[in-house]
Amino acid sequence: MGSPELAQYADFYADMTRRFGLTDDLELWRDISERLHQLTPEPEDVTYRDVTANGVPAILVMPAESSPDHILLHSHSGGGVTASMWQERKAVGHLAKAAGARALVINYRLAPEDKFPAQIDDVEAAYRWLLGQGYDPSRIASSGDSIGGNFAVNLALTLQRKNAPLPGAVLSMSPWFDMELKNESIDTNASVDKMLSRDLLRGFSDSMLDGTGIAITDPRINLAYADPAGLPPTMIYYGGYELLVDDANEFAKRARAAGVDLELRSLPEGQHNFFLGAGRVPEIEAAVAEMGAWLRSKIGLTLSTA
């Protein structure tokens, strides 16, 4: 049995999903989605600065005593259609503190106004901006949650196709990899996932892809068809109650078979995007601490680094 705080987290999601059902107006959906920031308390001793990374709006997250030479490049959730860097900056602040690094939370373009691949183009542009700022690729971790968890992995695969330097690590939380929604957990976890539904996910993929000529099976967006060989060390962390459990497990299985240094972890009874409960939910605090320790070990950052 999970903690009372974990149950309250699920209740918050259920209420937000109820609000979504009251309207089909995208702008209202985006406003409702921004409420998710309320799940995360402000982390102590973290400051923020607005920056523009090769034209991409972003927030630089700077925990006190963090290494200025190590950084997380974070892609937010929202199916490529909703959410923002503001919604997730506090949760990323907790994660960056746990890692002892800075973070750059980007505000990539959203569909349907900007179709795929605008989103991953913005992630790549921000990564190249970090390189231009003098960051060693091995000291950059690509992180993200939900569709951002896709983009976190996707960035490394995109760079690999271009023979560009890869980040030192990838942290993919609650990732959405399979745009076809063919995995069994889409149905088996439908009663316990308080955020996602098949229809919601289908709407997101349609918004990103309709009119582009890009197939739903294209490996540039559907990572169920991508070759994971050559990925940097990768951690996938998912919630046990989310629809996307099989997305995480199936990709991890293929990545391990391809020789990737892959860590797979789950949070029992965890909801989709559970990491937004950092700083408030004990189980999520422990998971974030584990992610932070893993990141330090992969991007060459020790606890004594300041």
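Note that the structure is predicted; figures quoted are calculated from it, not measured.

Asks: Would you mind showing me how to read the overall build of the chain here?
Replies: Scanning the chain for helices and strands turns up 9 helices and 8 strands. Relative to its length of 306 residues, the chain is compact, with a C-alpha radius of gyration of 17 Å against a globular reference of 19 Å. With the C-alpha coordinates of the chain rotated into their principal frame, the extents come out at 45 × 45 × 35 Å. By the burial criterion, 58% of the 306 residues in the chain qualify as buried.

Asks: Sorry if this is basic, but what is going on with the nonpolar core here?
Replies: Membership of the largest hydrophobic core comes to 87 residues, with the highest contact counts inside it found for L73, L104, I106, W176 and M291. Every residue in contact with I106, bar those within four places of it in the chain, is listed here: V56, P57, A58, L73, H74, S75, H76, M85, D122, V123 and A126. Of all hydrophobic cores here, the second largest spans 19 residues; its members include A226, V245, A248 and A252.

Asks: Sorry if this is basic, but what is going on with the pairing of strand β1 (residues 46-53) here?
Replies: For a regular strand, side chains alternate in direction, first toward one face of the sheet and then toward the other. Note that β1 and strand β2 (residues 56-63) share 8 bridges and pair antiparallel. For Y48, the partnering residue across the bridge sits in β2 and is V61. From the end of β1 to the start of β2, which pair antiparallel, there are 2 residues, and N54 there has a positive phi angle of about 55°.

Asks: Honestly, the sheet that holds strand β6 (residues 169-173) in this entry has me stumped. Any pointers?
Replies: Strands pair in a sheet through their backbones, by hydrogen bonds, and they do so in one of two ways: parallel or antiparallel. Taken together, the 8 strands give an open sheet; going across it, the order is β1-β2-β4-β3-β5-β6-β7-β8, and neighbouring strands pair in mixed fashion. The open sheet has two edge strands, β1 and β8 (262-267), and neither has a second partner. Between one strand axis and the next, the sheet turns by 20° as a mean value, whatever way the strands run. Where strand β3 (residues 67-75) meets strand β5 (residues 140-145), 5 bridges bridge the pair, whose relative direction is parallel. Counterpart to L73 in the pairing with β5 is S142. The strands that helix α3 (residues 85-99) touches are β1, β2, β3, β4 (101-106), β5 and β6; relative to β2, the one it contacts most, it runs at about 35°.

Asks: Explanation requested: the pairing of β6 in the structure shown.
Replies: Counted residue by residue, β6 has 5 buried out of 5 residues, so it is predominantly covered. The alternating pattern of β6 places A169, L171 and M173 and V170 and S172 on opposite faces, both of which are buried. Here 5 bridges tie β5 to β6, and the two strands are oriented parallel to one another. If you follow G144 over to β6, its bridge partner there is S172. Following the backbone out of β5, through helix α5 (residues 147-161) and into the adjacent parallel β6, one traces a crossover that is right-handed. Two strands pair when backbone bridges link them, and β6 and strand β7 (residues 234-239) are joined in this way by 4 bridges, in the parallel orientation. Bridge pairing in β7 links V170 to T234.

Asks: Help me understand the side chain of R35 in this model?
Replies: Mapped onto the secondary structure, R35 falls in the loop between α2 (26-33) and β1. R35 gets classed as buried once you look at its relative accessible area, which sits at 19%.

Asks: For this particular structure, what's the right way to read empty space enclosed by the protein?
Replies: Any empty space left between the atoms is revealed when a probe the size of a water molecule rolls over them. A complete count under the given rule lists 1 cavity of 30 Å³ or more for this structure. By volume, the largest cavity is sized at about 180 Å³. Broken down by secondary-structure element, the contributors of at least two residues to the lining of the largest cavity are α1 (4-20), α2 and α7 (198-209). The class makeup of the residues in the lining of the largest cavity is 12 nonpolar, 9 polar and no charged.

Asks: I would appreciate a short explanation of the packing of α1 against α2 in the present structure.
Replies: What describes two packed helices is the angle between their axes and the distance between those same axes. Where α1 meets α2, the closest approach of the two axes is 10 Å, and the angle between their N-to-C directions is 165°. Here α2 runs roughly antiparallel to α1, going by the angle between their axes. Pair α1 / α2 crosses with right-handed handedness. On α2, the residues touching M16, R19 and F20 of α1 are W29, I32 and S33. The class makeup of the residues in the contact of α1 with α2 is 4 nonpolar, 1 polar and 1 charged.

Rules behind the numbers
Residues numbered from 1 in each chain as written. Predicted model: local features only at pLDDT ≥ 70, side-chain atom pairs only at ≥ 80, totals over all residues. Heavy atoms only, no water. Helix = DSSP H or I, 4+ residues; strand = E, 2+ residues; numbered from the N terminus. Rg over C-alpha atoms; globule rule 2.2 N^0.38 Å. Buried < 20%, exposed > 50% of the residue type's maximum accessible area, 1.4 Å probe, protein only. Core = buried A, V, L, I, M, F, W, Y, C linked by side-chain atoms within 4.5 Å. Contact = heavy atoms within 4.5 Å. Pairing = 2+ DSSP bridges. Axes fitted to C-alpha atoms, helices over the stretch in contact; angles between N-to-C directions. Right-handed = clockwise from strand over helix to strand, strands pointing away. 1 Å grid on protein atoms, 1.4 Å probe; cavity = no way out; pocket = protein on both sides within 12 Å on 5 of 7 lines; lining within 4 Å. Points joined across faces, edges and corners; volume = space filled by probe spheres on them. Nonpolar A, V, L, I, M, F, W, Y, C, P; charged D, E, K, R; others polar. Parallel < 35°, antiparallel > 145°, perpendicular 65-115°, else oblique. Left-handed = near helix turned anticlockwise from the far one by under 90°.

Read these as layout, nothing more, since geometry by itself doesn't imply function.
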